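# Topology and contacts: notes
Here is what each chain is made of, one letter per residue.
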There are 2 protein chains.
Amino acid sequence: MDNKPYHHKELKKTLIETGLEFIDKYGEEKLSLRKIAEKCGVSSAAPYAHFKDKDDFINAVQQYIMDSFMDSLLTCVDKCSDDTQVLSELGVCYVMFFYNNPLYFDFLFSRKNIHIRLSSENDNPPFELFRKTAGSVLEKMGISEEKIRYKTIAMWSIVHGLSALSSMPDIDVDWETEVKAIINSVDISKI
Amino acid sequence: MDNKPYHHKELKKTLIETGLEFIDKYGEEKLSLRKIAEKCGVSSAAPYAHFKDKDDFINAVQQYIMDSFMDSLLTCVDKCSDDTQVLSELGVCYVMFFYNNPLYFDFLFSRKNIHIRLSSENDNPPFELFRKTAGSVLEKMGISEEKIRYKTIAMWSIVHGLSALSSMPDIDVDWETEVKAIINSVDISKI
DNA sequence: CTACAATGTTATCAGTGCTAAGTTTGGAGG
DNA sequence: CCTCCAAACTTAGCACTGATAACATTGTAG
């Protein structure tokens, strides 16, 4: 029978995944902990055993998405041994992730707890991966440290800006082709 | 005395400006219509005479900011008669607006009602201004229509991506100088 | 001057975040 | 095997929110 067991066991994980699914369907602003709890078949106060407050829960969902985003990027970098292509491949991968998951862009980056610093070490994993990859590639090309900073910022801006575009609702173009063309057309050595 | 008059007269405008101020201080997610109403000295139901619902109110505030953003951009374009500079000046103006108003970027662009189309006419005023300005400049340079699209998208992506960066909390660099250097370093004819 | 539409009011509802206090449960140590 | 306790849940309830209904006030068109 469906008499709910007192102990749900994997409730924390279930809550996160249910929350993710909900955000996917209805967006973050419609989410309430009570609805998520109900969907999981537990009382409205149950989540508070696992999360300090709603914000803590949202952060957990965000981290879940961020991990999956990083998986994509790391896989892409690993697949790409060729230095001359890794940057544009990484850029396309970055953009396509949000094209395929339109609701994730706002959710990941409209939150204030995500900070990005330009010059130094960074606690934002995707940007840090981008920064290090670009740094290593550009260094091998014999480019000065200052210029590396400019180029990295410019490239990341393009990629991030394209992602913002690609997660908009009404894209009326063959986006994957466009993205590749645009990123490839930006010759980093010319920036 | 402070016995509030029944008719506040300019309540709609006052609500919007109070809302703007509030978002500036505490962010959108902390905003409630009741608090705004109280700050304006009216009852909690009063705003519903002017706005259909909370979303309608938020849209009005958003429009208010969008208008001020467009003012900046248009002033910039007007001041700049020189075709060779207008694009980079416009870019710097775009980015600096959000550098100077860090909370506005998320507020303007994380809302789903803002759409951006690439190829055709567009109901997003700043992007449309950017698209037309770039189109006119690039056309005079004798660039093909297809390339104009690519360049426009790439340039807007850089500018928009830089804006995302510039509205982040912990910028630890002289941003205005950086932005100018980066935008100027992107030679559009090379994209 | 009077009727009425616009613009306010109070009262009330359901939904939300969160906490307090009590209940169930699995499992570690006797 | 029992006992006890901390973790994981429950129900109850508070304060706040968005929204609506029913009523009050007011400026103004006719």
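Now for a description of the structure that goes with this document. Numbering of residues begins from 1 in every chain and follows the order in which that chain's sequence is written. Naming scheme: in the order in which they are written, chains are lettered from A and ligands are numbered from 1. Whole-chain, interface and lining totals are the exception, using all residues; otherwise, since this is a predicted model, local features are given only for residues with pLDDT of at least 70 and side-chain atom pairs are given and counted only at 80 or more. Heavy atoms throughout the structure, all of them, feed into the side-chain values; hydrogens and water do not.

### Regarding the environment of B:Y26
Looking at the secondary structure, you find B:Y26 in helix α1 (residues 11-26). Sequence spacing of B:Y26 and B:D123 is 97 residues, and the spatial spacing of their C-alpha atoms is 29 Å. Counting from the N terminus, the helices are the DSSP runs of H or I reaching at least four residues and the strands are the DSSP runs of E reaching at least two.

### Observations regarding a negative patch on the surface
Residues B:E10, B:E17, B:E21 and B:D24 make up a contiguous surface patch of negative charge. Checked against the element boundaries, B:E21 lands in helix α1. Only residues whose relative accessible area exceeds 30% and that take part in no salt bridge are eligible for patches, with like-charged residues grouped when within 9 Å of each other and nonpolar side chains (Val, Leu, Ile, Met, Phe, Trp, Tyr) grouped when within 5 Å. All accessible areas in this document rest on Shrake-Rupley with a 1.4 Å probe, and a residue is counted as covered only by the protein chains that are shown. Criterion for a salt bridge: a side-chain nitrogen of Lys or Arg within 4 Å of a carboxyl oxygen of Asp or Glu. For the purpose of counting charges, residues Lys and Arg are taken to be positive, whereas Asp and Glu are taken to be negative. His and the chain ends are not included. Here the site of a charge means NZ on Lys, CZ on Arg, CG on Asp, or CD on Glu.

### Overview of the packing of α1(B) against helix α3 (residues 54-79) of chain B
All names here are of chain B. The N-to-C vectors of α1 and α3 enclose an angle of 80 degrees; their axes lie 9 Å apart at closest approach. In terms of axis orientation, α1 runs roughly perpendicular to α3. Note on element contacts: α3 touches α1 through F57, A60, V61, Y64 and I65, opposite L15, I16, E17, G19, L20 and I23. A breakdown of the residues in the contact of α1 with α3 according to their chemical character gives nine nonpolar, one polar and one charged. All axes here are fitted lines through C-alpha atoms, helices being fitted over the stretch that makes contact, and every angle between N-to-C directions spans 0 to 180 degrees. Reported orientations rely on four angle classes, namely roughly parallel under 35 degrees, roughly antiparallel over 145, roughly perpendicular from 65 to 115, and oblique for the rest. Should any heavy atoms of two residues lie within 4.5 Å, those residues are counted as being in contact. We call Asp, Glu, Lys and Arg charged. Ala, Val, Leu, Ile, Met, Phe, Trp, Tyr, Cys and Pro are nonpolar, and the rest, Gly among them, are polar.

### Quick notes on the protein's contact with DNA strand C
DNA strand C sits among 22 residues. The nearest are A:R34, A:Y48, A:K54, B:S43 and B:H50. Note on definitions. A residue lies near a molecule or strand when any single heavy atom of the residue is within 4 Å of it. Among the atoms of DNA strand C close to the protein, meaning within 4 Å, 63% are from sugar or phosphate groups. Pairs of N or O atoms are called polar contacts if they sit within 3.5 Å, as long as, within protein, a hydrogen donor faces a hydrogen acceptor (for residues adjacent in sequence, only side-chain-to-side-chain pairs). A:S32 has a polar side-chain atom sitting 3.3 Å from a phosphate oxygen of DNA strand C. The side chain of B:S43 places a nitrogen or oxygen atom 2.5 Å from a phosphate oxygen of DNA strand C. In terms of residue count, the dominant contributor to the surface near DNA strand C is helix α2 (residues 33-39) of chain A (three residues). By residue class, the composition of the surface near DNA strand C is 10 nonpolar, six polar and six charged.

### Focus on the protein's contact with DNA strand D
Taken together, 22 residues are adjacent to DNA strand D, and A:S43, A:H50, B:R34, B:Y48 and B:K54 come closest. Among all atoms of DNA strand D positioned within 4 Å of the protein, those belonging to sugar or phosphate total 67%. At 3.4 Å, a side-chain N or O of B:S32 approaches a phosphate oxygen of DNA strand D. The greatest single-element share of the surface near DNA strand D, amounting to three residues, is contributed by helix α2 (residues 33-39) of chain B. Taken together, the residues of the surface near DNA strand D sort by class into 10 nonpolar, six polar and six charged.

### A few points about the side chain of B:R131
All names here are of chain B. Within the element layout of this structure, R131 appears in helix α6 (residues 125-140). Partly exposed residues are those whose accessible area sits between 20% and 50% of the maximum for their type, while under 20% is buried and over 50% is exposed, using a 1.4 Å probe and protein chains only. Taking the relative accessible area as the measure of exposure, R131 reaches 19% and is therefore buried. Looking at R131, its side chain comes within polar contact range of the side chain of E128, at 3.0 Å.

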